[in-house]
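Close look at the chain arrangement
Single-letter residue listing:
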Amino acid sequence: MNSISAQSMDRLDNAPRPSGFQRFLRMFHEQGAVANVVGVLGALCVLACLIALPPAISIRVLLYATASIWVLLRPRMALYLLPFAVPWGSLDALNLGGMNLTSGDILVFLLAASWLLGYVIRNRLGAQCIHTGTFDRESYNLPRILTIGTIVLLAAMCLSIPTAFSVKASLKEIAKWLEVALILCLGTQYIRTRRQVWTLVILCSLAALSQAFMGYAQYAFNLGPQSFIRDQGLRVYGTFDQPNPYAGYIDMTLLVTGTLMLLGRNWLTQLAAGLVTLLLGIAFALAQSRGGQIALVLALLFVFIAGFPRFNLLVRIGVIALLLGIAGYCSGIIPEHYVNPILNKLGLTGISFASPSNDDFSTAERLAHWIAGLNMFLDHPFFGVGIGNYPVAYPKYFITIFNNSLGHAHNYYINIAAEAGIFGLIGLLTFLSGIFLVGRRALQSMHLRLLQLKTQTLPAQIKAGAEGWQQRLTLRQIHLLQNDYALAIGLIASLLAICIHNFFDNLYVHSMTNLFALLIVLLVRLPYVTRQEEQRR
């Protein structure tokens, strides 16, 4: 036995020793797990970027690489980052073949890529799929009426391409609305819980606050062109280049937080929403957007009608009084000197297209663009001048001194009728009708559930002498559902304000269509996630 051991030791001593490279390969095989390899390669890429590229470019590459990996592993992160990409993405736009690609566009692309990647991985994993990462989603659940509305709108836009003055401009506009369709289809799958809904609401509020503080800085240091100065001071504009879209953007979140402040059912929600509302309201006022102010007032009217049923009678009396006042003015019963100051304030009287004054120049310019859009529609009533082609066709249709296009008709309904004809306008109205029908169903289902808990479940528990914890659980469900109901009203009011503001402007610019789609996703998912949470309890 000892002789055999000695012979084995002799053979080991005489065996050739592995080289350093062989030892490295052996160590790499033993220690080179996938995570370690990815980590090392990532660190090397970071060092290479910092050494080889200029600082501005290297930071951009690292941020996009980090976001790409994050979204591919957790697709929901694209939805969480989108609220910040909407206002700030224009500062880092990439020009590809004459088309500006913002961080919002990139996030939507990564969201779609991660969703598609899930199908590839699922085919390889088979029955071993786990509900995490790209699999942490539900099946397709966008309401049928919204699906039909989206398809009709996109189809109408595509029908206008053959008549387009510029096909590239049409493809750019269609790509924007394809992103909306992707967010609607995929966002409703990845937003699965109540916490995720409220997380998105908080992130939208933080993004809006960042723009509000930028507006404060612009106003305090007078950072803006001379044309943005009015009697009240500089009209702030944030990163949106113009005060009107800035006001529309702030208004989208302001109405949500304002509704939560008015209708929320716990002090923390009302206090936080009230603080955000105050800060956003100041920024909104500094924008001095008359279209935004009209949209805000009418949307708040909806909030009071939906949230305070006791005041419905007063609201109806006020609406009737307003209509009677308009009728009285038109018929001459009410003297003009009572109404003219209001019309002068709104810039609706004394407008000259040939030589407008400083006070009515913006109104005259807006009306001139309306007239140009209507003339485009009259010349091309069925398929328009091509979706996205209003500024391309404008030189042929401008009137008087307004020969420079503002990029759109300052009324989105006229704008889409001019660009996509009657079919485009019908497609848009079908899409918007689907949104508000879904919102109405959401409010009805949540209201019925609230009534059931208040008038049936809780009284039955009290009458049956249920345990205290059971009654407290029901009360907690009522308070949570009341907050969710307030959020639903705020979301509908926000979407309504966008539609009203679009009578005086075009808010579907600067990636705000992506935020518009996110609000729709929240409205669609809110009643379902609330019901699922109750069932788990």
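The following refers to the structure shown.

Rules and cut-offs
Residues numbered from 1 in each chain as written. Predicted model: local features only at pLDDT ≥ 70, side-chain atom pairs only at ≥ 80, totals over all residues. Heavy atoms only, no water. Helix = DSSP H or I, 4+ residues; strand = E, 2+ residues; numbered from the N terminus. Buried < 20%, exposed > 50% of the residue type's maximum accessible area, 1.4 Å probe, protein only. Contact = heavy atoms within 4.5 Å. Areas by Shrake-Rupley, 256 points an atom, 1.4 Å probe, with all protein chains shown as cover. Core = buried A, V, L, I, M, F, W, Y, C linked by side-chain atoms within 4.5 Å. Expected span 1.5 Å × (residues − 1). Bend = angle between axes of the 7 residues up to and from the residue. Polar contact = N/O pair within 3.5 Å; in protein donor to acceptor, adjacent residues only side chain to side chain. Salt bridge = Lys/Arg side-chain N within 4 Å of Asp/Glu carboxyl O.

For the rest of this paragraph, the subject is the overall build of the chain. Looking only at helices and strands, the chain has 19 helices and four strands in total. Relative to its 537 residues, the chain shows a buried fraction of 45%. A separation threshold of at least 6 residues defines the contact pool for the chain, and within that pool the share at least 24 residues apart is 74%. When the accessible surface of the chain is totalled, it reaches about 28100 Å², and 67% of it is carbon and sulfur.

Counting 110 residues, the largest nonpolar core has Trp177, Tyr249, Phe431, Leu432, Leu487, Phe516 and Ile520 as the members making the most contacts within it. Residues within four places of leucine 432 in sequence aside, it is in contact with Tyr413, Cys499, Tyr508 and Phe516.

The end-to-end C-alpha separation of helix α17 (residues 412–464) is 58 Å, well short of the 78 Å expected for 53 residues at 1.5 Å each. Remark: the principal bend of α17, roughly 135 degrees, maps to alanine 420. Capping the start of α17, asparagine 411 holds a side-chain oxygen 3.0 Å from the backbone nitrogen of tyrosine 413, two or three residues further along. At the C-terminal side of α17, glycine 465 shows a positive phi close to 70 degrees.

On to the pattern of salt bridges. The tally for this structure, following the rule as stated, stands at five salt bridges. Two residues, arginine 76 and aspartate 136, come together in a salt bridge whose shortest N-O distance is 2.9 Å. Note that arginine 76 is positioned in helix α5 (residues 76–88) and aspartate 136 in the loop between α6 (103–125) and α7 (144–159), a separation of 60 residues in sequence. Both residues of the pair, arginine 76 and aspartate 136, count as buried. In this structure, the salt-bridge partner of arginine 525 is glutamate 138, at a minimum N-O distance of 3.1 Å.

Let us now look at the environment of leucine 475. Position of leucine 475 among the secondary structure elements: in helix α18 (residues 468–501). A relative accessible area of 38% means that leucine 475 is categorised as partly exposed. In this structure the C-alpha to C-alpha distance between leucine 475 and threonine 457, which are 18 residues apart in sequence, comes to 10.0 Å.

A few words now on the side chain of glutamine 288. Checked against the element boundaries, glutamine 288 lands in the loop between α11 (267–287) and α12 (290–307). If near-sequence neighbours (up to four positions away) are discounted, glutamine 288 is found in contact with Arg230, Gln232, Gly233, Leu234, Arg235 and Gln293.

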